[in-house]
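Commentary on secondary and tertiary structure
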Amino acid sequence: MTMISVNEFKNGLTIKYNNDLWRIVEFQHVKPGKGSAFVRSKLKSLNTGAVQEYTFRSTAKVETAEIETKSMQYLYNDGTSYVFMDTNTYDQLAIPNEQVKDEAKFLKENMNVSVIMHDGKTLGIQLPNTVELTVAKTEPNIKGDTSSGGGKPATMETGLVVNVPFFINERDVLVINTVDGTYVSRANK
């Protein structure tokens, strides 16, 4: 059991708080003109997936959680769960759809991900920062429509809808940010 000060918070750190495991999504140190400093944080429950905001006094301490990550390959979805395989032992692990619902829109077969575990219990998966997905459907480019500087929606092969520049066409392979689901660039061929 390791205790840390809330002043040592980092994005992605996993802590135990209020009888639950939380991953720090974002945090901010606040020093008001009057009163003592505090840390405003946004935490995601690893058990329920709910995101909540908490405010800690700057003198508070929290317990860090020992999290184990294992590199595994995504195989398929059987309708009720996502099946992953350990590439070293070839053991398979089924994770219920509810635990992977946010990440599912980025998953492609044979993709490597990190499976997050705590005390032998599977909590979910961690995706790479970016993934390459193929555009399944988008409107054709309208010549000369660059004055607005906006974009158009594109449906990716996994069902994810991303706002992309006008020059993107169907069957283009794009790099997508898995943190916020945004277009990064075209993939190098």
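Data block above holds the structure.
Here we summarise the structure given alongside this text. (Residues numbered from 1 in each chain as written. Predicted model: local features only at pLDDT ≥ 70, side-chain atom pairs only at ≥ 80, totals over all residues. Heavy atoms only, no water.)

1. Some points on the overall build of the protein
Within the protein, the secondary structure is distributed over one helix and 16 strands. Taken over C-alpha atoms, the radius of gyration comes to 20 Å for the protein, far larger than the 16 Å a tight globule of 189 residues would show. With the C-alpha coordinates of the protein rotated into their principal frame, the extents come out at 60 × 50 × 25 Å. With 189 residues in all, the protein has 38% of them scored as buried. Counting contacts in the protein only where the partners sit at least 6 residues apart, residues at least 24 apart contribute 43% of the total. Within the structure as shown, the protein displays about 11400 Å² of accessible surface, and the carbon and sulfur contribution to it stands at 47%. (Helix = DSSP H or I, 4+ residues; strand = E, 2+ residues; numbered from the N terminus. Rg over C-alpha atoms; globule rule 2.2 N^0.38 Å. Buried < 20%, exposed > 50% of the residue type's maximum accessible area, 1.4 Å probe, protein only. Contact = heavy atoms within 4.5 Å. Areas by Shrake-Rupley, 256 points an atom, 1.4 Å probe, with all protein chains shown as cover.)

2. Points about the environment of glutamate 8
Positionally, glutamate 8 belongs in the loop between β1 (2–5) and β2 (14–17). Considered as a pair, glutamate 8 and lysine 61 are 53 residues apart in the sequence and their alpha carbons are 9.5 Å apart.

3. Comments concerning the packing of aromatic side chains
All told, the structure shown has eight aromatic pairs when counted by the stated rule. Ring geometry for phenylalanine 9 against phenylalanine 56: centres 5.6 Å apart, planes inclined by 85°, an arrangement best described as edge-to-face. Separated by 47 residues along the polypeptide, phenylalanine 9 in the loop between β1 and β2 and phenylalanine 56 in strand β5 (residues 51–57) bring together distant segments of the chain. Ring centres of tyrosine 54 and phenylalanine 56 lie 6.4 Å apart, and the angle between their planes is 40°; on these two criteria the pair is classed as tilted. By relative accessible area, which is 16% here, tyrosine 54 ends up buried. In textbook terms, an aromatic cluster arises when at least three aromatic residues are bridged by ring pairs, as seen for Phe9, Tyr17, Trp22, Phe27, Tyr54 and Phe56. (Phe/Tyr/Trp six-rings, centres within 6.5 Å; stacked < 30°, edge-to-face > 60°.)

4. Looking at the sheet that holds strand β8 (residues 81–86)
Ordered in space as β9-β8-β7-β10-β11, the five strands form an open sheet in which the pairing is antiparallel. On the outer flanks of this sheet lie β9 (92–96) and β11 (121–126), each paired with one strand and no other. Across the sheet, the axes of successive neighbouring strands diverge by a mean angle of 45°, strand direction being ignored. One ladder, built from five bridges, connects strand β7 (residues 68–77) with β8; its direction is antiparallel. From the neighbouring strand, tyrosine 74 faces β8, where its bridge partner is phenylalanine 84. (Pairing = 2+ DSSP bridges. Axes fitted to C-alpha atoms, helices over the stretch in contact; angles between N-to-C directions.)

5. Some words on the side chain of threonine 138
Relative to the assigned elements, threonine 138 resides in strand β12 (residues 130–138). Assessed through its relative accessible area of 8%, threonine 138 is described here as buried. From its side chain, threonine 138 meets the backbone oxygen of proline 153 in a polar contact 3.0 Å long. With near-sequence residues (within four places) excluded, threonine 138 lies in contact with Lys152, Pro153, Ala154, Ile168, Asn169 and Glu170. (Polar contact = N/O pair within 3.5 Å; in protein donor to acceptor, adjacent residues only side chain to side chain.)

6. Here we look at the sheet that holds β12
Across the sheet, five strands lie side by side as β14-β13-β12-β15-β16; this open sheet has antiparallel pairing. Two strands bound the open sheet, and with one partner strand each, they are β14 (161–164) and β16 (183–186). The average angle at which neighbouring strand axes cross in this sheet is 50°, direction not considered. With four bridges connecting them, strand β13 (residues 152–156) and β14 associate as antiparallel partners. Each bridged residue has a counterpart across the sheet, and for threonine 155 the counterpart in β14 is valine 161.

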